[in-house]
4 protein chains.
Amino acid sequence: MTRRAFVHRISTHSPDDVSGLEAALGAGRIDPSSIVAIFGKTEGNGCVNDWTRALASRALREFLGQHADPDVATRACIVMSGGTEGALAPHITLFEVRISGEAAESDALAIGRAHTGDLPPEAMGRLSQVDLVADGVRRAMADAGITDPADVHLVQIKCPLLTPERVAEARSRGAVCVTRDPLKSMGLSRAASSLGIAVALGEIHRQSLDEQAIGVEWQLFSNRASASAGVELLGHEIVVLGTGHGWSGPLRIDHATMADALDIEPVRSALARVGLKSDGQLAPDQRSRLVALIAKAEASSTGLVRGYRHTMLIDSDIPATRHARGFTAGALASLVGHAEIYVSGGAEHQGPDGGGPVAVIVEAAA
Amino acid sequence: MTRRAFVHRISTHSPDDVSGLEAALGAGRIDPSSIVAIFGKTEGNGCVNDWTRALASRALREFLGQHADPDVATRACIVMSGGTEGALAPHITLFEVRISGEAAESDALAIGRAHTGDLPPEAMGRLSQVDLVADGVRRAMADAGITDPADVHLVQIKCPLLTPERVAEARSRGAVCVTRDPLKSMGLSRAASSLGIAVALGEIHRQSLDEQAIGVEWQLFSNRASASAGVELLGHEIVVLGTGHGWSGPLRIDHATMADALDIEPVRSALARVGLKSDGQLAPDQRSRLVALIAKAEASSTGLVRGYRHTMLIDSDIPATRHARGFTAGALASLVGHAEIYVSGGAEHQGPDGGGPVAVIVEAAA
Amino acid sequence: MTRRAFVHRISTHSPDDVSGLEAALGAGRIDPSSIVAIFGKTEGNGCVNDWTRALASRALREFLGQHADPDVATRACIVMSGGTEGALAPHITLFEVRISGEAAESDALAIGRAHTGDLPPEAMGRLSQVDLVADGVRRAMADAGITDPADVHLVQIKCPLLTPERVAEARSRGAVCVTRDPLKSMGLSRAASSLGIAVALGEIHRQSLDEQAIGVEWQLFSNRASASAGVELLGHEIVVLGTGHGWSGPLRIDHATMADALDIEPVRSALARVGLKSDGQLAPDQRSRLVALIAKAEASSTGLVRGYRHTMLIDSDIPATRHARGFTAGALASLVGHAEIYVSGGAEHQGPDGGGPVAVIVEAAA
Amino acid sequence: MTRRAFVHRISTHSPDDVSGLEAALGAGRIDPSSIVAIFGKTEGNGCVNDWTRALASRALREFLGQHADPDVATRACIVMSGGTEGALAPHITLFEVRISGEAAESDALAIGRAHTGDLPPEAMGRLSQVDLVADGVRRAMADAGITDPADVHLVQIKCPLLTPERVAEARSRGAVCVTRDPLKSMGLSRAASSLGIAVALGEIHRQSLDEQAIGVEWQLFSNRASASAGVELLGHEIVVLGTGHGWSGPLRIDHATMADALDIEPVRSALARVGLKSDGQLAPDQRSRLVALIAKAEASSTGLVRGYRHTMLIDSDIPATRHARGFTAGALASLVGHAEIYVSGGAEHQGPDGGGPVAVIVEAAA
């Protein structure tokens, strides 16, 4: 007996649209009780007041509650990432794990997950968040049957943020939060979470990590971390994707690291490694085999991309995360030939400054 | 004796930054009295209240006034396009025409220009604007020594827009404007201007053109039109780029048409035709020979890109033009390897719905 | 036996926050089965992509579904108005109608409501929407026991808007919508709805109304109309507030018309008429008797307020409706002494151009 | 011989509009060589990338250069404050000082000014900025002939901000700036400047001031400080308004402190003290005697106004400063009867948290 991962990408018409899910259910393509995680791109601003994430999560949990055991709905990692700038297409990606009679394949996609407890507001953006996440990532790896950190291709994490009310609650207990600025807290929460991933994957030594480095020392990063912050939770939901023991099926995964916002050639190479080799844009038949592309994007802190000035950090009308998502989405979509991809903003310690990790999941040719 | 075009791309640190111009002048790289046009990307929102265009124009005309005859400053076509979303780099591109002793080459870059008179507010977005522009384009072609419209690769135009005050002024005379919405007027002005270009280039028959088609019938378009609207003028400034009689020098030009927001393969082909062939991203040595890339971008009116939903048209926080510029800039920058390119939003009748024309200017290998 | 209206104003911590409702229920202050309508201010942008309205509606209907008969949840008019600019406080106002043994009072608050059927996209912003709404308003008046239109002090309506998909659906049937711009459709839907109210209240004669006047002839308006558009419905939800036959209880209502965005003196007079007379800001004890203030705000189409230029219509970064809500909220809050008031944007044909209707509900002194 | 202050309020049609100035000059109403300061509200976002301030400053200095001695243009304090949210009207207020034969009056308006040297980026938001500003304020008081700090009613200051390039320049010298976030630096620069004012006015003891308090300890503030940050300067321009020795003329000044965003009653009292007593909104004839109203506005850091939640700090689409300006402008405009007033955002240490100082300049009745 092996485990087999299924990944379904479903377009959505609105944040609370589950009609595509209903259709897939009706057609027997999905098995609700096997669902372990749902990643989604929703059409909010991806920042503090992005309520599309909450709306989508509410609709998805309601769907799961109607069609699966309560336990499935409770344990599913629902990671909604707001922000579909440019032509980015709102959609969800559903991860199922089913028991299979097929033989194990060493390069078959493996999925693991874990939840952490709630983080007190004053611990956010600090080493205690790093440790909480590192522990969660290790549990998720174990869940996936992954023993070698090198076999991890993506760790997707949903982490909390600070609101004025949470800061005030901490203050009422005499505790001081790392910032009072909600937007900044999103970045620091993603930063600490990503360093937690780097620690768990052995990319950074925990002992050498200083609290002052969080959100500052960008040369410290994980090449496989993807973190999204949201107001709708206080703990962390963690999903690990890679290759592990005892998995079967045709899905393959690899990853690349973009050195900057338009560094797509490493992604082209990663696609080639999992069977989608192409000089220019992926051909239509290749596109249909690309199940998911998951990427992080951010504005470089230097204010430059390849020596030329960008204005993302000094635009007070549009948050830098929105700029970065739209631009890098254009770069990646022009490579794969469509924009129903997952590009998430705010890549603090997720790949090098201004760049970010990219994971690709592909269905092997029959 | 021939004419020779020089094209200089200069980074800017702010909309009113002329330090790069001063440096080029000091180094003898530019000849102010030969300047015929300046295109620029400035870091405003590219919409109605984008005052960076006015600020840049003011600084540039002041620079010209200090270093060249009054006539040069007056006649220079200064086309500032607001909006440097994503990693788009603010910069200016300077066009000079100098007299040369070199032999004419049939594929050398040719430049022509023309100005039109002021357009009454009530004529904006209507057939009289189409006619005014068509006449201006023909004069600019003549100025460039271009007799065959097929030799035109780009017509860049700066056109006016409606403000509440202009609409009120027209109303006080009993005249009715096509819209009272300033943002919408930008689109209609670009639309009528682009149809004027299409008429001049023989892509559309003037007789078959109905006023109701302006801003509505997107299947009517020019493949070589690029229009930007700005509050700072009432007439039109027109620049034609192509190949004509009596031009010399190493600059080459070609154009492509993107069918949608991520259709970069035609651009790759155009680059190859002028000597920059590349499977993936342009190599660093190729990049240095790419003098300018000028493109239009817009959100498809169908709400879809290759069958997937985009949210640009229903985002009330970020104008669709800003979304489209950032996304398509990402697509094109990932092709050429940097983002100091000219991507302008609002491609009404400029290429097909959701796509747009792209011109590339390249220095021939020595 | 009489009917008695109860109005509860409850602060919310997020769009989906029902904790205040739960507390009121637990304390016996509200009777879920008596709820007929809920008005709310949610913290979205109040424009096309404002999903806070949908999120709040979903949470409220779920609350009603848990605590009242299905019929109550289905029939409740849930009018969420997005946009809490400036210090506007997110909150809901709950309207209950209970049977009472008290004697009828001619000036007691009366409430009526009605729903209309779904409107085809192509009918939006047209005379058929006017007629549909006028009919609905008459039914809501009848429901409230109001026979004289002069006894109506507010008609609150929730109306639909156009999305690219709805426009496309209409086009697929050969039908043409009044606009393809979603933001513009919100204004036209509010406009047609408000003219429908004006027709029902006898403020405008239906025969003299031309379809071309909708969204254009601002001198046509209702002094008691308040319309909000939302993507979450296709028909209309209508609530009438006034004085009618057979109502009891201490709640009083009156209305005023602001002639422009800072015309608060008529509101001061209306407050005085229902017992809250004050030269300056309402005193704290008066504030506690002000149960609800419901107002409309908009940017004047002339670009002027009392002869001075405003920039709301030419700001492409912030929608004019958001500007207008924040500004007029400041004006009204400085009169009543707090900002937990309902100020809704987009007052097309709701009061004069640039102004708007205001209703106040006050608890009579014991 | 005395000095006499003249204050002219002039509407503008765009940031670079000097037509009103030209008209006033032509009519002999203004004397360019007497101009000492110009305050202005321009229609940008008032944040980092607000280029309308630079555009207006450029146009105003050019006007002064054409009509007055170079020294006048150089020394004039040009304080452009971006952001005309809501109905706030773009305008400039011109301050002249002329020699007069009239007798001195102890309550006549007095004006003084000073410039400081450039501030290194790493000093911004720190005690050295506090000290630099305090020294400048004392010099401006001396310039105005004010010896008692109690006679100061307003200190208006224009201060610098940090850009990525300035931070990088400091870093290249091994210096560390207080923040790398440009928007945050605006707040910290205003904060340090305002504490400098408070020190100079004796509201705070310099010895007891800790660097950690800057931008944090909101209970420390000046009741007469108004600070605006802008990218266009590196030093400070300081204007002091009050009453001093040797001034004549009919202009009177007073100030009030708003305790929160809708606390207009103290302003009503200040108006009454200088001759404009009114229960409701100022009457038209009173309005014409109100020469200028200058106020600061900000979102309270507690997330509450009078116990009700506001959402200004968690709105990632609109900066909190824009929200606060629009709302408080509505409150103040509804008091004085028009919106051509100067409301500036970001009131760090300028009045209490969430409130701000307000100065009124009135022409005494003949």
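These notes cover the structure that comes with them. The model shown is predicted, which means the values in this text are computed figures rather than measured ones. (Residues numbered from 1 in each chain as written. Chains lettered and ligands numbered in written order. Predicted model: local features only at pLDDT ≥ 70, side-chain atom pairs only at ≥ 80, totals over all residues. Heavy atoms only, no water.)

## Regarding the overall build of chain A
Cut-off, in case you're wondering: Here a strand is any run of E in DSSP of at least two residues, a helix any run of H or I of at least four, and the numbering for each starts at the N terminus. For a compact globule the rule gives 2.2 Å times the number of residues to the power 0.38, and the radius of gyration it is set against comes from C-alpha atoms. Exposure classes here rest on a 1.4 Å probe applied to the protein chains alone. A residue is buried below 20% of its type maximum, exposed above 50%, and partly exposed in between. The criterion used for residue contact is that any of the two residues' heavy atoms lie within 4.5 Å. For the area figures, the Shrake-Rupley method with a 1.4 Å probe applies, and any residue is considered shielded solely by the protein chains shown.
A count of helical and extended segments in chain A gives 9 helices and 15 strands. Relative to a compact globule of 366 residues, whose C-alpha radius of gyration would be 21 Å, chain A shows 19 Å and is just as compact. When its C-alpha atoms are laid out on the principal axes, chain A stretches across 55 × 50 × 40 Å. Residue burial in chain A is summarised as follows: out of 366 residues, 68% are buried. Taking contacts inside chain A between residues at least 6 apart in sequence as the whole, the part at least 24 apart equals 82%. Within the structure as shown, chain A displays about 11200 Å² of accessible surface, and the carbon and sulfur contribution to it stands at 52%.

## Observations regarding the pattern of salt bridges
When the charged atoms of two side chains lie near each other, side chains of opposite charge can form a pair. The condition is simple: Only one rule defines a salt bridge in this text: a Lys or Arg side-chain nitrogen within 4 Å of an Asp or Glu carboxyl oxygen.
According to the stated counting rule, one finds 96 salt bridges over all chains in the structure shown. The residue D315 of chain C makes a salt bridge to R322 of chain D at a minimum N-O spacing of 3.0 Å. With D315 of chain C in the loop between β13 (308–309) and α9 (320–336) and R322 of chain D in helix α9 (residues 320–336), this residue pair bridges two chains. Looking at D315 of chain C, the relative accessible area reads 10%, which means it is buried. The closest approach of N and O atoms between E85 of chain D and R325 of chain D, which form a salt bridge, is 2.7 Å. Pair noted here: E85 of chain D is in the loop between β3 (77–82) and β4 (91–100) and R325 of chain D is in helix α9, with a separation of 240 residues, a long-range link. In terms of burial, E85 of chain D and R325 of chain D fall into one category: buried.

## As for the sheet that holds strand β6 (residues 152–159) of chain B
All names here are of chain B. Which entries qualify depends on this criterion: Strand pairing requires that DSSP identify at least two bridges connecting the strands. In this description, a line fitted to the C-alpha atoms serves as the axis of each element, helices being fitted only across the stretch in contact, and the angle between N-to-C directions of two axes falls anywhere from 0 to 180 degrees.
Strand order in the open sheet formed by 4 strands is β5-β8-β6-β7, and the pairing between neighbours is mixed. Edge positions in the sheet fall to β5 (109–115) and β7 (225–229), since each has one partner strand and no second. Averaged over all neighbouring strand pairs, the angle between strand axes comes to 15°, with direction disregarded. Pairing of β5 with strand β8 (residues 237–243), which is carried by 7 bridges, proceeds in the antiparallel orientation. Bridge assignment links R113 to a residue of β8, and that residue is V239. Here helix α4 (residues 127–144) sits on the sheet and contacts β5, β6 and β8; the angle it forms with β5, its principal contact strand, is near 140°. The strands touched by helix α6 (residues 182–200) are β6 and β7; relative to β7, the strand with the most contacts, the crossing angle is about 150°.

## Focus on the environment of T12 of chain A
We count it as follows: Under this definition, polar contacts are N or O atom pairs within 3.5 Å; protein pairs additionally need one hydrogen-donor-capable and one acceptor-capable atom, and for neighbouring residues in sequence, both atoms have to be side-chain atoms.
Secondary-structure assignment places T12 of chain A in the loop between β1 (2–11) and α1 (19–26). Sequence spacing of T12 of chain A and E43 of chain A is 31 residues, and the spatial spacing of their C-alpha atoms is 10.0 Å. When neighbours within four sequence positions are excluded, T12 of chain A is seen to be in contact with D17, P90, H91 and I92 of chain A together with R309 of chain B. Within the structure, the side chain of T12 of chain A is placed 3.5 Å from the backbone nitrogen of H91 of chain A, a separation counted as a polar contact.

## Describing the packing of helix α7 (residues 265–273) of chain D against α9 of chain D
All names here are of chain D. The criterion, for reference: Should the near helix be turned counterclockwise from the far one by less than a right angle, the crossing is left-handed, whereas a clockwise turn marks it as right-handed.
Interhelical geometry of α7 versus α9 gives an angle of 35° and a closest axis separation of 10 Å. Here α7 runs over α9; the crossing is right-handed. Each of V267, R268 and L271 in α7 lies in contact with α9, whose residues at this interface are L332, L335 and V336.

## Focus: the interface of chain C and chain D
Interfaces are often sized by the accessible area lost when the parts come together. Put simply, the test is: Buried area: the sum, over both parts, of the accessible surface (1.4 Å probe) that disappears when the two are put together.
Counting from both sides, the interface comprises 45 residues of chain C and, opposite them, 45 residues of chain D. Approximately 3400 Å² of surface area, both sides summed, lies buried where chain C meets chain D, with 55% of it carried by carbon and sulfur atoms. Sorting the residues of chain C by area buried against chain D places Y308, R309 and F327 of chain C first, and these three jointly supply 21% of that buried surface. Counting across the interface, chain C meets chain D through 4 salt bridges. For the salt bridge of E43 of chain D with R309 of chain C, the shortest nitrogen-to-oxygen distance reads 2.7 Å. For the pair chain C and chain D, the number of links is 23 residue pairs in polar contact (both at pLDDT 80 or more). At the level of secondary structure, the elements contributing two or more residues to the side of chain C that touches chain D comprise β1 (2–11), α7 (265–273), β13 and α9 of chain C.

## Let's talk about the packing of helix α1 (residues 19–26) of chain C against helix α2 (residues 52–67) of chain C
Residue and element names in this part refer to chain C. The condition that has to hold: For classification purposes, an angle smaller than 35 degrees is called roughly parallel, one larger than 145 roughly antiparallel, one from 65 to 115 roughly perpendicular, and anything else oblique. We call Asp, Glu, Lys and Arg charged. Ala, Val, Leu, Ile, Met, Phe, Trp, Tyr, Cys and Pro are nonpolar, and the rest, Gly among them, are polar.
In contact at an axis separation of 11 Å, α1 and α2 are set at 25° when each is read in the N-to-C sense. Considering the angle they form, α1 stands roughly parallel to α2. For the element pair α1 and α2, the recorded crossing hand is right-handed. Across from L21, E22 and L25 in α1, the residues of α2 making contact are L60, F63 and H67. Its residues assigned to classes, the contact of α1 with α2 shows 4 nonpolar, 1 polar and 1 charged.

## Topic: the relation of the copies chain B and chain A
To be explicit about the condition: Here the copies are superposed with least squares, the fitted atoms being C-alpha atoms of residues at a pLDDT of at least 70 in both.
Superposing chain B onto chain A takes a rotation of 180° combined with a translation of 0.0 Å along the rotation axis, leaving an RMSD of 0.0 Å. These values place the two chain copies in the arrangement generated by a two-fold rotation axis. Both copies contact each other with a shared surface, as 100% of the interface residues of chain B are interface residues in chain A too.

## A look at the interface of chain B and chain A
Counting residues at the interface gives 45 residues for chain B and 45 residues for chain A. Considering only the surface of chain B that becomes buried against chain A, Y308, R309 and F327 of chain B emerge as the three largest contributors, covering 21% of it. Our count for the chain B to chain A interface comes out at 4 salt bridges. On the surface where chain B and chain A come into contact, there are 23 residue pairs in polar contact (both at pLDDT 80 or more). Contributing elements (two or more residues each) for the side of chain B that touches chain A: β1 (2–11), α7 (265–273), β13 (308–309) and α9 (320–336) of chain B. Considering every element that reaches the side of chain B that touches chain A, the biggest residue donor is α9 of chain B, with 9 residues. Of the residues contributing to the side of chain B that touches chain A, the split by class is 16 nonpolar, 16 polar and 13 charged.

## A look at helix α6 (residues 182–200) of chain C
Residue and element names in this part refer to chain C. Under the convention used in this document: For a helix, the expected span equals 1.5 Å multiplied by the residue count minus one.
Over its 19 residues, α6 runs 27 Å from end to end, which matches the ideal 27 Å to within 8%, given 1.5 Å per residue. With 17 of 19 residues buried, α6 lies mostly within the body of the structure. N-cap assignment for α6: the residue whose side-chain oxygen lies 3.0 Å from the backbone N of L183 is D181. Looking one or two residues past α6, G202 carries a phi angle of roughly 75°, positive in sign.

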